[in-house]
Amino acid sequence: MMVVVAYDVNTETASGRRRLRLVSKACMKYGQRVQNSVFECSVSPSDYLQLRHELDDIIDMESDSLRFYNLGAKYADRIENVGKQRHLPVDDVMLI
């Protein structure tokens, strides 16, 4: 299933800047960055729960926020891109 994760971390303090880096690193394990604080993650239901748990442990509930948009398994028709596409489709073959 495709899940879009958007976050806003208060970076006014050193601990906030550290949380921002940790949230970004956690999201990178499950998906790809499509905007500064937005990731598209193609995950299984169990991976989704693990991602949620990791992010819940990182953020400060009083000053940070997370948003999860579950687009489901048939998400391709639900994503519309305008302008330069900054990421690779997750279902295509990738040659390195």
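Look above for the structure.
So, here's what we can say about the structure. Note that this is a predicted model, so its numbers are computed, not measured.

## Points about the sheet that holds strand β4 (residues 65-72)
Step number 1: In space, the 4 strands of this open sheet follow the order β2-β3-β1-β4, with antiparallel pairing throughout. On the outer flanks of this sheet lie β2 (31-35) and β4, each paired with one strand and no other. Strand-to-strand twist across the sheet, computed as the mean angle between neighbouring axes with direction ignored, equals 25 degrees.
Step number 2: Sheet analysis places strand β1 (residues 2-8) next to strand β3 (residues 38-42), joined by 5 bridges and oriented antiparallel. What sits directly across from V3, in β3, is C41.
Step number 3: Most of the contacts of helix α2 (residues 45-58) go to β4, to which it runs at about 170 degrees, and overall it touches β1, β3 and β4.

So, how was this worked out
Residues numbered from 1 in each chain as written. Predicted model: local features only at pLDDT ≥ 70, side-chain atom pairs only at ≥ 80, totals over all residues. Heavy atoms only, no water. Pairing = 2+ DSSP bridges. Helix = DSSP H or I, 4+ residues; strand = E, 2+ residues; numbered from the N terminus. Axes fitted to C-alpha atoms, helices over the stretch in contact; angles between N-to-C directions. Contact = heavy atoms within 4.5 Å.

Honestly, that's just the spatial picture; any functional story needs more than this.
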